[in-house]
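Breakdown of the fold
Each chain, written out:
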Amino acid sequence: MDWGTDLWDQYDIIEKHTQSGLELVEKYVKFVKERTEIEQNYAKQLRNLTKRYSPKRGSKEEQECRFSNHQSFLDILNEMNDYAGQRELIAENMMMDICIELTKYLQELKQERKMHLSEAKKAQQSLESTYKQLDSSKKRFEREWREAEKAALHAEKMDQDINATKADVEKAKQQAHMRAHIAEECKNDYASQLQKYNKEQGHFYFSEMPLTFNKLQDMDERRVRKLAQGYILFTDTEKHVMPIIGKCLEGITKAGTNVNERNDSMALIEQHKSGFERPGDLEFEDYSQGINRASSESSLGTPKGPIDLLSKNRSKNFWLFSKKSKRFTPERLTPTVTEDFGHLPPEQRRKRLQQKHDDIGKELQKEVDQSEALGKMKDVYEKNPQMGDPASLAPQISQTAQNIERLQGELNKYESWLAEAGGRGETLRYTAHTFNNNGAHDVYSAETAPPDEEAPDPSHAIYAEFDDDFEDEDITAPIGKCTAMYNFPGASEGTISMQEGEVLAVVEEDKGDGWTRVRRANGDEGYIPTSYVSITINK
């Protein structure tokens, strides 16, 4: 059984099958490449891990390698480094033996398949050309035969007509004879073309196409065999290095068995044994009896106790827990995010609004372009109904119009907010957010508060309390100065108020939480938002 015999009429199936096979090869190559990347990343991470935990030269850890448990850990690191090298070798061999080899073979298969399909198409075109010639000669023969019949009938009619002259009758007969001769030539030509087409058709279906299909079958079977070899190499590549990997693992096991806790204890004793004798008992000194003080003074050479031998810094004070300065955390200062970015400082708000405005503008332009394209497509469909139904575009056109209207509304909204936040140096305006009884979200600005309520201080809603004041801290020398670009109320505990243009001394830089500690000339200290000031640090 072969494709040329059993699949002689399945050209499309064979074409799709061979293409699917090539795609499978590409997919497998991609799979192996990703596997090699995983192996390389794994090996890299292992090497970085061993390097990170390996002791540096001259370090304390290197000096402790005389102990078996420390030395075994170094042996484990070395074995893991060798193990990483084997993973790299697996990745390299897979890349060379599978990916590169199959990619090269795949290109050859693509060229071969293209050539076979091209031959089949040429044969098909040649057969179609012959058929067109046959059809043309057939139609010509049909046309000329009808003309010959008409000419014969006309000649017979003229011969029977008593009013017709002899010359007219003779001319009609000559015309009928000429038409009959032309029809006979067209008949012979049609017969010749028919014979030629049948011969070429037989050659096409019984010789050319079966041969091409069999070539494609042979090519596909070679592809399958090559792919199967790639499957086997996927495991053989790792099997080849398994003995070395096994030795690495055995080395790790051996490192564990080499640990000797008794020898380590003895090594520590030999390294740190002082050789001092333990202090003796203190003598009792009875001052109520006439005892020779000289004998008691002889005991001064005896150590007073074990503390004198074990501690060299007896008078030094140690603290188990160092005193940590209490600071506020950024999480406690996170404000409520609003759509108009009113929770941000003015400059940051302006930038975010501008970015949002630009993004909406890009989306709007895309929708406008799509609307124009749909309009042009609709015009084409209306002029050429065979290309498509114009009514089928109505839902898309309607949806695009809705999107444009929505985006235009959002764009106008952000333009108004952007215009509001556009000027620098203006008085900062806060926005307090409350919920009404129905759960709706009401917004009252500091200038348009509810009539019966006092406008809430936004600093209480935005900034959390600080843990401690600065009463117990030492006065720190300023490290720079800053100039306020905006007003800041400083109503929360731990913050300090400032006015635009005010110059303050910087006591502590921003630690990444968005706050800077400053001091006034009168000694008042507190935190202010870093983005509200221009800071100059002393060099």
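Just so you know, these numbers come straight off a predicted model, no measurement behind them. (Residues numbered from 1 in each chain as written. Predicted model: local features only at pLDDT ≥ 70, side-chain atom pairs only at ≥ 80, totals over all residues. Heavy atoms only, no water.)

Things to note about the side chain of Thr18
By the element assignment, Thr18 lies in helix 2 (residues 11-53). Owing to a relative accessible area of 0%, Thr18 belongs among the buried residues under this scheme. A distance of 3.0 Å separates the side chain of Thr18 from the backbone oxygen of Ile14, its partner in a polar contact. Among residues more than four places away in sequence, those in contact with Thr18 are Trp3, Arg113, Met219 and Asp220. (Helix = DSSP H or I, 4+ residues; strand = E, 2+ residues; numbered from the N terminus. Buried < 20%, exposed > 50% of the residue type's maximum accessible area, 1.4 Å probe, protein only. Polar contact = N/O pair within 3.5 Å; in protein donor to acceptor, adjacent residues only side chain to side chain. Contact = heavy atoms within 4.5 Å.)

Points about the environment of Gln354
You can see Gln354 is positioned in helix 9 (residues 346-383). Measuring from C-alpha to C-alpha, the distance between Gln354 and Trp417 comes to 9.5 Å, with 63 residues separating the pair along the chain.

Describing the pairing of strand 3 (residues 480-484)
Here strand 3 shows one buried face, formed by Gly480, Cys482 and Ala484, and one open face, formed by Lys481 and Thr483. Where strand 3 meets strand 4 (residues 503-508), four bridges bridge the pair, whose relative direction is antiparallel. Pairing of Lys481 across the sheet is with Ala505, part of strand 4. Here strand 3 pairs with strand 7 (residues 533-537) via five bridges, running antiparallel. (Pairing = 2+ DSSP bridges.)

Side note on the sheet that holds strand 4
On the basis of which strands lie adjacent, the open sheet formed by five strands has the order 6-5-4-3-7 and antiparallel pairing. The open sheet has two free edges, formed respectively by strand 6 (525-529) and strand 7, since each of these has just one partner strand. Sheet twist, expressed as the mean angle between neighbouring strand axes with direction ignored, is 40 degrees. (Axes fitted to C-alpha atoms, helices over the stretch in contact; angles between N-to-C directions.)

With respect to the pattern of salt bridges
Taken as a whole and judged by the stated rule, the model has 19 salt bridges. For Glu410, the salt bridge identified is with Arg406, shortest N-O distance 3.6 Å. Taken as a pair, Glu410 and Arg406 lie in helix 10 (residues 394-420) at a separation of four residues, close to a single helical turn. A relative accessible area of 42% places Arg406 in the partly exposed class. Each of Arg35, Glu39, Arg87 and Glu238 takes part in one network of salt bridges that share partners. (Salt bridge = Lys/Arg side-chain N within 4 Å of Asp/Glu carboxyl O.)

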